[in-house]
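Each chain is listed here by its residues.
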Amino acid sequence: MRHALRLLIVLALVAPLGAQQVTFERILHGDREPQNWLSYSGTLMNQRFSPLTQITAANVKNLQQQWVWQAKSLEKFEATPLVVDGVMYTVQAPNDVVALDAVSGRVFWTYAYTPAPEGRPCCGRVNRGVAILGDTLYMGTIDAHLIAIDARSGKPIWNTVVAKASDRYSITSSPTIVKDKVIIGTGGGDGPIRGYISAFDAKTGKEVWRFNTIPGPGEPGHDTWSGDSWKTGGVGVWNAGAYDPEANLVYFGTGNPAPDWDGRNRLGDNLYSDSVLALDADTGTLKWHYQFTPHDELDYDSTQVPLLADIQWQGRARKVMLWANRNGVMYALDRVTGEFLKGKPFVKTNWLDGFDAKGRPHQVKFPTPEGTLVRPHVHGGINWAPVSFSPRTGLFYVASWENSGIVAVTGQFPRTASANTQQTAMGQTNLVPFYNDDTEPFGAVRAYDPKTLDPVWEFKMSDITWGGTLATAGDVVFSGGREGYFLALDARTGALLWKASVGGQVNAGAMSYAVNGKQYVAIAAGNALFAYALP
Amino acid sequence: MKFTRRLAAALLAAGLTFFAPRTAAAQHETAADLLDGERAFKNTCANCHGPDGDVIAGIDLGRGRFRRPMTDEDLVRIIRTGIPNTPMPASQMTVEQAQQIVAYLRNRATALRASVAAGDPLRGKGLFDTRTCASCHRIGGIGSRVGPDLTDVGSRRSAIEIEQALVNPGADVAPGNRTYRVVLKDGTTVSGRLLGHDTFSVQLLDTREQLRSFAKADLRELGFVATPMPSYRATMTAQEIADVVSYLSSLRGQ
């Protein structure tokens, strides 16, 4: 008896607490536990909406900084942290995973990974965050590995090579968890890769299915690439996906065809570049696709995070996908069938003059030897930054970017010129005075009515923005930009309610969580992570 | 002949004790310090000393062997100011950075790579399983995280170090594996592996395998406690210990 009791005590001490495992059910219904942030955008619908209500439009002006965590990295800080029951997980670029106390910002452990030196993609050795399932974290690396890490101890569990970094593949996105699989795409599509999306068994790291973003010989769409261009046509996938459990479809946006600005050797639509793909989550089979920019020669990656919403559309409930695209156009699609519902520019856009009945754009601007003025320019109406949607206001929040430039065919990289000599750098720069002429480029946080895709309000900034948006049930929208401010805006009017000078570019989306009944908002800026709460 | 052997043994012993006893500063090393030290070592020192610290003749940083006895303070000074008239240059490192490198090297110091009794790894695995080692230790994702993960212990620790850990586990506990206990003001006691601490807070992986952070202001008591790892000196035979050592030495990660 005494022995049995002792055994029971020992078992109680050593048994992992099953209740605290992050099951897929918990991830799928992340909104039921608003204190946690269990996937890149909060839930797999990617609404980046926090149901927490402690911080409101009325009291947000009282926010105070709670802590700062300084990354030992000079790369852009693009990661959105996860929070699971008071523990925060983020990535110190390129690929160190850090577990922090979400209340104090103090470090529990660091998993240090040194990527192979050939993992050097075009636009920085960045990472957008980890995923979690059970008590295992998953990270894609800049040298195109997928690594499973124990969330309690920070010890690696498995390390799978997704693609060869020496072939110019890389991974920068946060993995997407669906059921027992970890799904991730390969970046590097500005180089001569052939991109793919793969699903891996979460327990073993073995590949379960793979979908090539460029169809091979004999597959539908292969004939949209002239000659052998399909072998090196790019079409990377470098952002997280979305998942609809009823349709059992996982959605990913795809990148530009390569070479970026010169389509002369890749004649055709170049499927499935600049598209959204709807794949069967169990098999990777393509169910439908929509190509935003056929035969792209303007580097209009469509790797924005798909946002799923259930809204009233022309008098009836409809399961839609909302998409603010780098090409400057905002879309509403039926996410079950892929039907094109509506498309409308959300920034000044001149490369198309309309759509046909099926939603194919009529393209009117192309690179020429003498140069063509295009809107938006390479940076896009939005680049990759996460968007948000509030079921309370019914509005779609986009940190947008007005810009234009001249694109001339000169080979691999475009010769660009602008009336405005202030170039908008792709990389991390220090905060510098911004000398634009107040017409463009500039960034603006904007709210759109998804039923009409019309703007409802705008908060205009002097400088451009790489920041995302976060909407909360307190009717606050958080955003930021390259000027180094973290902003709180009224979700219904866009009025500035509060700001903090964070001293470095905001290159990520904010998130919100709670511990012991206290709501926090966290944002990465410069090379640090900041957390705010009410006093 | 006999004399030469004795001299060799004496030299070996001297070489192996060149690291002075741990200083009080070591009490404050955390896993993060060791990681910083490792990075600094690999980025700077390894350029000449090699990744294992044994490239330069007569010096084996990984085993604490130098051309003459060195205290931690000597090492910190040399890292910062260099050695005149030798290729060892001065550096820009702060005292803290140099201390982190020393802490890393000390932690890594595979002190005596002497021979231990030959063991049978299969029998050792059997003993590991029946002695419920996995109630504290983890190998390849199986077992508890309360004690050190042993998945790759064979590539991190020499056989003699593993043997020491079995027979005299409290003698030299790595900074990242020390056990800490806090008592909250309501009397709740939590103990676990110390992950970090500072003036105001303490971070633990507790015995329920949860990551916990405490404000020191909320604590009634706090401090290091003895390792919960029992000594197997009296409860295992020398052969059994050799078998377990042999098994653990074979664990080189996945």
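Conventions we followed
Residues numbered from 1 in each chain as written. Chains lettered and ligands numbered in written order. Predicted model: local features only at pLDDT ≥ 70, side-chain atom pairs only at ≥ 80, totals over all residues. Helix = DSSP H or I, 4+ residues; strand = E, 2+ residues; numbered from the N terminus. Rg over C-alpha atoms; globule rule 2.2 N^0.38 Å. Buried ≥ 20, exposed ≤ 12 C-beta atoms within 10 Å, placed from the backbone. Contact = placed C-beta atoms within 7 Å. Pairing = 2+ DSSP bridges. Axes fitted to C-alpha atoms, helices over the stretch in contact; angles between N-to-C directions. Expected span 1.5 Å × (residues − 1). Parallel < 35°, antiparallel > 145°, perpendicular 65-115°, else oblique. Left-handed = near helix turned anticlockwise from the far one by under 90°. Nonpolar A, V, L, I, M, F, W, Y, C, P; charged D, E, K, R; others polar. Core = buried A, V, L, I, M, F, W, Y, C linked by C-beta atoms within 7 Å. pLDDT = per-residue confidence, 0-100. Arc of directions from axis to C-beta.

1. Quick look at the overall build of chain A
Here is step 1 of the chain: Within chain A, the regular secondary structure consists of two helices and 38 strands.
Here is step 2 of the chain: Here the C-alpha radius of gyration of chain A, 22 Å, is about what a compact globule of 535 residues would show, namely 24 Å.
Here is step 3 of the chain: Reported as C-alpha extents along the three principal axes, the dimensions of chain A are approximately 85 × 55 × 50 Å.
Here is step 4 of the chain: Out of the 535 residues in chain A, the part that is buried amounts to 57%.

2. Considerations on the overall build of chain B
Here is step 1 of the chain: Scanning chain B from terminus to terminus reveals eight helices and seven strands.
Here is step 2 of the chain: Taken across its 254 residues, chain B has 33% of its residues classed as buried.
Here is step 3 of the chain: Look at the contacts in chain B between residues 6 or more apart in sequence, and 64% of them connect residues 24 or more apart.

3. Some remarks on the sheet that holds strand 14 (residues 207-212) of chain A
Residues and elements named next belong to chain A.
Here is step 1 of the chain: In space, the four strands of this open sheet follow the order 11-12-13-14, with antiparallel pairing throughout. Every interior strand has two partners, whereas the edge strands, strand 11 (176-178) and strand 14, have only one. Direction aside, the axes of adjacent strands within the sheet are offset by 20° on average.
Here is step 2 of the chain: Taken together, the five bridges between strand 12 (residues 181-185) and strand 13 (residues 196-201) define a ladder with antiparallel strand orientation. Of the residues in strand 13, the one forming a bridge with K181 is D201.

4. Focus: helix 4 (residues 95-108) of chain B
Residues and elements named next belong to chain B.
Here is step 1 of the chain: Counted at 1.5 Å a residue, the expected span for helix 4 with its 14 residues is 20 Å, and the 20 Å between its end C-alpha atoms agrees.
Here is step 2 of the chain: With 11 of its 14 residues buried, helix 4 lies for the most part within the structure.
Here is step 3 of the chain: When we look at burial in helix 4, the residues that qualify are A98, Q99, Q100, I101, V102, A103, Y104, L105, R106, N107 and R108.
Here is step 4 of the chain: Tucked inside the fold, the buried residues of helix 4 contact helix 2 (31-49) and helix 3 (72-81).

5. Focus on the pairing of strand 16 (residues 249-253) of chain A
Residues and elements named next belong to chain A.
Here is step 1 of the chain: Most of strand 16 sits inside the fold, with five of its five residues counted as buried.
Here is step 2 of the chain: Residues L249, Y251 and G253 point to one face of strand 16 and V250 and F252 to the other, with burial holding for every one of them.
Here is step 3 of the chain: Looking at chain direction, strand 15 (residues 242-244) and strand 16 are connected through three bridges and run antiparallel. Bridge pairing in strand 16 links D244 to L249.
Here is step 4 of the chain: Connecting strand 15 to the antiparallel partner strand 16 that follows it, the hairpin turn spans four residues, and N248 within it adopts a positive phi of roughly 50°.
Here is step 5 of the chain: Relative to strand 17 (residues 275-280), strand 16 is paired through five bridges, and the arrangement is antiparallel. Directly across from L249, in strand 17, lies its bridge partner D280.

6. Description of the environment of A:D353
All names here are of chain A.
Here is step 1 of the chain: Summarising the element assignment, D353 is placed in strand 23 (residues 352-355).
Here is step 2 of the chain: C-alpha of D353 to C-alpha of K365: the two residues are 12 residues apart in sequence and 9.7 Å apart in space.
Here is step 3 of the chain: In contact with D353, other than residues within four places in its own chain, are H362 and V364.

7. Remarks on the environment of A:E458
All names here are of chain A.
Here is step 1 of the chain: Considering the arrangement of structural elements, one finds E458 in strand 31 (residues 454-460).
Here is step 2 of the chain: Measuring from C-alpha to C-alpha, the distance between E458 and V398 comes to 9.7 Å, with 60 residues separating the pair along the chain.
Here is step 3 of the chain: When neighbours within four sequence positions are excluded, E458 is seen to be in contact with A444, R446 and G494.

8. With respect to the packing of helix 7 (residues 159-167) of chain B against helix 8 (residues 238-249) of chain B
Residue and element names in this part refer to chain B.
Here is step 1 of the chain: For the pair helix 7 and helix 8, the least separation of the axes is 9 Å and the interaxial angle reads 130°. The pairing of helix 7 with helix 8 is recorded here as oblique in orientation. Helix-helix and strand crossings are classified by hand; for helix 7 and helix 8 the assignment is right-handed. Together, A159, I162, E163, L166 and V167 of helix 7 and I241, V244, V245, L248 and S249 of helix 8 make up the contact between the two elements.
Here is step 2 of the chain: For the contact of helix 7 with helix 8, the per-class residue count stands at eight nonpolar, one polar and one charged.

9. Considerations on the nonpolar core
General note: in soluble globular proteins, nonpolar side chains tend to be found buried as a group.
Here is step 1 of the chain: In this structure, A:Y89, A:V130, A:I132, A:F478 and A:I523 are the most contacted members of the largest nonpolar core, which totals 179 residues.
Here is step 2 of the chain: Not counting the four nearest positions on each side in its chain, A:I523 is found in contact with A:F478, A:G480, A:F486, A:V506, A:A508, A:A510 and A:F530.
Here is step 3 of the chain: In this structure, B:F128, B:C133, B:Y232 and B:I241 belong to the second largest nonpolar core, which totals 16 residues.

10. A closer look at the sheet that holds strand 4 (residues 189-197) of chain B
Working definition: the strands of a sheet are paired by backbone hydrogen bonds and lie parallel or antiparallel to each other.
Residues and elements named next belong to chain B.
Here is step 1 of the chain: Within the open sheet, the five strands sit side by side as 6-5-4-3-7. Their pairing is antiparallel. What marks the edges here is a single partner per strand, and that holds for strand 6 (211-215) and strand 7 (219-225). Each strand of the sheet is rotated relative to its neighbour by a mean of 40°, with strand direction disregarded.
Here is step 2 of the chain: In terms of strand pairing, strand 3 (residues 179-184) meets strand 7 through six bridges, oriented antiparallel. Note on strand 7: the bridge partner recorded for R181 is G223.

11. Focus: the interface of chain A and chain B
Here is step 1 of the chain: Between chain A and chain B, the residue contacts involve 21 residues of the former and 21 residues of the latter.
Here is step 2 of the chain: Going through the elements one at a time, helix 1 (2-14), strand 5 (96-101), strand 6 (107-111) and strand 10 (156-161) of chain A are the ones with two or more residues in the side of chain A that touches chain B.
Here is step 3 of the chain: Residue contributions to the side of chain A that touches chain B peak at four residues, all from strand 6 of chain A.
Here is step 4 of the chain: Of the residues in the side of chain A that touches chain B, the class split is 14 nonpolar, three polar and four charged.

12. Some details on unusual backbone geometry
All names here are of chain A.
Here is step 1 of the chain: Here the bond from A93 into P94 is cis, since omega is 0°, no more than 30 degrees from zero.
Here is step 2 of the chain: Here P94 lies in the loop between strand 4 (87-92) and strand 5.
Here is step 3 of the chain: One non-glycine residue, R48, lies in the positive phi region at around 45°.
Here is step 4 of the chain: At Q314, a residue that is not glycine, the phi angle is positive and equals roughly 50°.
Here is step 5 of the chain: Within the secondary structure, Q314 sits in the loop between strand 19 (307-313) and strand 20 (316-324).

13. A closer look at the confidence of the model for chain A
Residues and elements named next belong to chain A.
Here is step 1 of the chain: For chain A, the mean per-residue pLDDT works out to 91, and 91% of the residues sit at or above 70.
Here is step 2 of the chain: For residues 1-19, every residue scores under 50 in pLDDT, and the model assigns this stretch seven contacts once sequence neighbours within four places are set aside.
Here is step 3 of the chain: Across residues 411-430, where pLDDT falls below 50, the model places 34 contacts with residues more than four positions away in sequence or in other chains.

14. A closer look at helix 3 of chain B
Residue and element names in this part refer to chain B.
Here is step 1 of the chain: Of all the positions in helix 3, only D72, L75, V76 and I79 are classed as buried. Along helix 3, the residues classed as buried sweep out an arc of 100° about the axis, all on the same side.
Here is step 2 of the chain: Those residues of helix 3 that are buried lie in contact with helix 4.
Here is step 3 of the chain: Positive backbone phi, at 75°, marks G82, one or two positions downstream of helix 3.

15. Focus: the packing of helix 2 of chain B against helix 4 of chain B
All names here are of chain B.
Here is step 1 of the chain: Between helix 2 and helix 4, the least distance of the axes is 7 Å, while the angle of their chain directions is 95°. Put simply, helix 2 runs roughly perpendicular to helix 4. Of helix 4, the residues touching helix 2 (which contributes D33, L34, D36, G37, E38, A40, F41 and C45) are Q97, Q100, I101, A103, Y104 and N107.
Here is step 2 of the chain: Considering only residue class, the contact of helix 2 with helix 4 consists of seven nonpolar, four polar and three charged.

16. What to know about the pairing of strand 5 of chain A
Residues and elements named next belong to chain A.
Here is step 1 of the chain: Strand 5 sits mainly inside the fold: six of its six residues count as buried.
Here is step 2 of the chain: On strand 5, burial covers both faces: D96, V98 and L100 on one face and V97, A99 and D101 on the other are all buried.
Here is step 3 of the chain: Sheet topology places strand 4 next to strand 5; six bridges connect them, and they run antiparallel. Bridging across to strand 5, M88 finds its partner in L100.
Here is step 4 of the chain: Taken together, strand 4 and the strand that follows it, strand 5, pair antiparallel across an intervening segment of three residues.
Here is step 5 of the chain: Where strand 5 lies against strand 6, four bridges are found, and the strand directions are antiparallel. By the bridge assignment for strand 6, L100 is matched with V107.
Here is step 6 of the chain: The loop that links strand 5 with its antiparallel partner strand 6 comprises five residues; one of these, G105, has a positive phi angle of about 75°.

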